[in-house]
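# Chains, contacts and geometry: an overview
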Amino acid sequence: MSTLHYLVLAPFIMAIFVPFFYKWFRNIHTGWFVLILPTVLFVYLLQYLPVGGPMEPLQLTVPWVPSLGINFTVYLDGLSLLFALLITGIGALVVLYSIYYIANKKDEPLNNFYVYLLMFMGAMLGVVLSDNLIVIYVFWELTSLASSLLIAYWFHKEKSRYGAQKSMFITVTGGFSMLAGFSLLYVMTNTFSIQEIIAQAGTIINDPLFIPAMLLILLGAFTKSAQFPFHIWLPDAMEAPTPVSAYLHSATMVKAGIYLVARLTPVFGGTAQWFWLLTIFGLVTLVWGSVSAIRQKDLKAILAFSTISQLGLIMSLLGLGSAAVHYDVAEVDMLYATAVMAAVFHLVNHATFKGSLFMVVGIVDHETGTRDIRNLGGLMTIMPITFTISLIGLASMAGLPPFNGFLSKEMFFTGTLNATTLDIFNVSTWGFLFPVLAWVASVFTFAYCMIMFFRTFTGKYQPEKLKKEAHEAPVGMLISPIVLASLVVIFGLFPNLLGYTIIEPAMQSILPNLLGEGDRFYVNIYHWHGLNPELFMTIGVVLFGMLVVLNLKRWQETTFFLKERDPLNRVYDSGLDGLITGSQRVTNFQMTGLLRDYFAFMMVFMIFLVGWTFIQFDALSFESLAMFDAGEVTPFLWIITLVLIAATVTMPFIQQRITGIIVVGVIGFLIALLFVVFRAPDLALTQLLVETVMVVLLLLAFYHLPELRKEKFTPRFRFTNLVISVGMGLMVTIIALSVHALRQTSGFDPISDFFVEASVPLAGGYNMVNVILVDFRGLDTLLEVLVLAIAALGVVTLIKHKFKGGEDV
């Protein structure tokens with residue numbers, strides 16, 4: 001494996017050692033050991049930043065399941081490098097921050113926290129650095145699992161458990177949808193490699209599976225990146241410790257969907273469906289998140305809806321920018337690629353200012369004991385450094401100069417205005433709404449930034465409403481937000497530092513076919529563009545934003561603003577309640593406690609499934625009855641058959657377990673004898689071994705159990721059993737006759753011939769039954785062994801934890 005493969009696996013390897021660090025070095029915070037890894041990974045990745053020329057993609061492959069086209073292929077280009085740097089860089093700062101935020105106490109399971117955090121970091125690196133869709137899916141679901149564990153880190157809180165459950169349900173459901181979309185892409189292209197799929201993008205656009213694949217994949221991206229109406233999991237995820245919120249919900253996890261959309265833009269971009277879905281959902285999410293943030297009273301809740309809004313902004317920019325794919329290379333104009341440039345730039349900007357703001361909120365909560373803006377105020381002089389960091393972060397998020405958020409917001413306005421000039425996708429009809437919605441959302445964004453700033457740091461200090469006396473945070477807790485706030489200023493004053501090292505390489509990854517060989521996108525970001533519409537839109541944002549803040553009391557008297565909780569949560573809660581109620585009804589119907597009911601359910605299901613399959617594929621055939629040439633039946637065979645029938649008929653009348661087991665064993669041995677008569681010694685040997693073991697084990701087990709409980713049967717129930725039994729017998733008989741007929745008329749060789757010929761040369765075994773079980777059906781056998789192992793562990797657990805009486809089972 002290459003160094004980049006080990007880079008992805010490094011967090012998982014490190015997670016193995018965290019419990020030992022936690023146990024052996026109790027006087028040293030475990031975070032100090034963990035901090036080394038993301039720092040080293042970030043520094044290592046810096047060497048791939050292009051200097052003086054275009055970035056050459058790097059692709060390295062390690063076979064995993066090559067027969068299915070699944071390989072662990074690392075693909076490093078501008079887009080994946082951008083996300084990898086965010087994951088490791090922000091990750092290092094978050095770990096440093098967490099060392100001071102989460103105290104090293106005996107009752108604080110720091111080992112769990114850092115194992116989950118490292119697992120999440122590795123999963124995110126796997127998502128952004130993998131080229132194979134199935135490998136991406138595996139890492140994708142790992143991010144959902146790790147994030148749920150982190151959200152529920154303080155599992156003694158009901159809200160933490162609720163938030164973790166909600167995030168898991170929504171994102172994993174989206175992940176299943178995404179997997180279905182990936183499967184459709186494979187059907188169309190016969191490959192799981194993203195780069196190979198991109199190479200076939202021009203040929204699959206007219207495939208009937210193209211649109212279903214797009215919709216399924218977008219569902220996965222929208223759930224992960226909290227797009228409306230799937231955004232409801234993100235506010236409840238704020239119950240996680242603040243370092244988790246700063247990492248997962250501002251810089252990394254919620255941008256996994258953004259990454260997937262950007263990565264697959266060369267495949268689906270240029271189509272009207274992709275353009276409108278991304279743009280509409282993005283703009284609706286942008287407006288809904290910004291308006292919802294106004295009514296929040298908790299600082300983290302404000303930032304949660306702010307994150308939702310900003311994710312909608314980036315998603316809409318990718319949708320608008322995808323229109324550039326519509327044009328041929330010779331007709332490309334940067335006018336249509338500006339939106340993609342703004343999306344990439346805002347990805348970086350949002351990670352810097354939102355990460356610092358989450359950390360600031362954690363500091364305020366840590367040093368005052370509350371995040372409720374109704375109890376805060378006057379912290380400017382008490383916490384001057386925290387105040388300064390907040391001022392920079394909030395001004396950037398509000399889109400004020402000279403910070404980086406102002407630049408990307410202006411580019412956002414430019415992208416929406418440029419989109420109105422498009423002469424494709426019927427944009428001329430509704431395109432005028434793009435800049436209008438962008439402007440409205442920016443007004444509310446400015447408003448909630450001002451509310452957050454003034455209600456926290458200005459006004460009257462209210463110590464009586466705080467849980468502890470407010471004071472400035474320790475230096476260690478301030479380092480990470482200071483670094484991020486410094487980047488906000490640096491990228492605002494010198495934005496072109498990112499021009500050809502981060503932004504342009506990422507644009508080439510998103511729009512790879514727009515430039516000729518050796519050409520590059522022109523990236524030159526600066527503050528002053530003259531008296532243009534974007535500037536006047538910004539002035540309007542400030543003016544109307546101040547009006548919203550000044551008239552906030554009137555707004556807050558409306559029904560919408562009186563309820564902080566998103567109204568769409570009712571849909572989720574009622575749906576979850578309905579799911580639980582429905583599952584309970586189904587369970588009560590199925591789990592009767594009677595073995596005969598379970599057999600009845602299975603048999604009825606098999607009868608309908610197999611019967612429907614035979615009818616659907618026209619496989620029923622009774623021609624074998626006409627050409628059936630029965631051989632001579634010897635007296636010995638008659639005796640075996642009659643004894644077998646007699647033993648089978650007596651089974652329903654046996655009331656003693658031991659007697660029943662012996663009779664079942666007799667039936668099994670007689671079947672083995674039939675195999676011998678029909679010259680199948682390998683089958684006979686396998687049957688004898690299995691039957692002997694089962695009879696002995698059952699006799700040992702049931703000898704010590706209480707007497708068989710006698711149960712009464714109603715005549716109707718007996719008749720139902722008769723119908724099911726006859727149906728099962730008819731089904732097996734029809735299958736045997738149809739198979740015999742098809743073998744005679746289809747001209748195909750029976751599959752048994754393959755096993756006869758291949759058992760020795762391919763598997764080195766003469767017992768064909770054993771070879772089939774161990775080699776040809778090795779995966780099935782492995783899973784069966786796994787089931788037995790789990791059952792054995794369950795037995796051992798029950799023996800070790802004997803019930804003393806009175807415990808709830």
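Residues numbered from 1 in each chain as written. Predicted model: local features only at pLDDT ≥ 70, side-chain atom pairs only at ≥ 80, totals over all residues. Heavy atoms only, no water.

## Quick word on the pairing of strand 2 (residues 70-76)
- Within strand 2, seven of the seven residues are buried, which leaves it mostly tucked inside the rest of the structure.
- The alternating pattern of strand 2 places Ile70, Phe72, Val74 and Leu76 and Asn71, Thr73 and Tyr75 on opposite faces, both of which are buried.
- Here strand 1 (residues 58-65) runs beside strand 2; their pairing, made up of seven bridges, is antiparallel. Within the sheet, the bridge partner assigned to Val62 lies in strand 2 and is Phe72.
- Between strand 1 and strand 2, which pair antiparallel in sequence order, lie four residues; one of them, Gly69, sits at a positive phi of approximately 75°. (Buried < 20%, exposed > 50% of the residue type's maximum accessible area, 1.4 Å probe, protein only. Helix = DSSP H or I, 4+ residues; strand = E, 2+ residues; numbered from the N terminus. Pairing = 2+ DSSP bridges.)

## Concerning the pattern of salt bridges
- Under the defined criterion, the tally for this structure stands at nine salt bridges.
- The salt bridge partner of Lys166 is Asp236, with a shortest N-O separation of 2.7 Å. Of the two residues, Lys166 is situated in helix 6 (residues 158-189) and Asp236 in helix 10 (residues 233-236); the sequence distance between them amounts to 70 residues.
- On the accessibility criterion, Lys166 (0% relative accessible area) is buried.
- We classify Asp236 as buried; its relative accessible area is 15%.
- Between Asp372 and Arg374 there is a salt bridge whose closest N-O contact spans 2.9 Å.
- Look at Asp372 and you get buried, because its relative accessible area is 18%.
- In this structure, a network of salt bridges that share partners links the residues Lys166, Asp236, Arg565 and Asp573. (Salt bridge = Lys/Arg side-chain N within 4 Å of Asp/Glu carboxyl O.)

## A look at the side chain of Ser322
- With respect to the secondary-structure elements, Ser322 resides in the loop between helix 14 (299-321) and helix 15 (334-368).
- Since its relative accessible area comes to 1%, Ser322 is described here as buried.
- Once residues within four sequence positions are removed from consideration, Ser322 is found in contact with Thr265, Gly269, Gly270, Trp274 and Phe275. (Contact = heavy atoms within 4.5 Å.)

## Here we look at helix 5 (residues 133-151)
- Its 19 residues place the ends of helix 5 27 Å apart at the C-alpha level, agreeing with the 27 Å of an ideal helix rising 1.5 Å per residue.
- Of all 19 residues making up helix 5, 15 are buried, and the element is well covered by its neighbours.
- The backbone nitrogen of Ile134 lies 3.1 Å from a side-chain oxygen of the residue at the head of helix 5, namely Asn132. (Expected span 1.5 Å × (residues − 1). Polar contact = N/O pair within 3.5 Å; in protein donor to acceptor, adjacent residues only side chain to side chain.)

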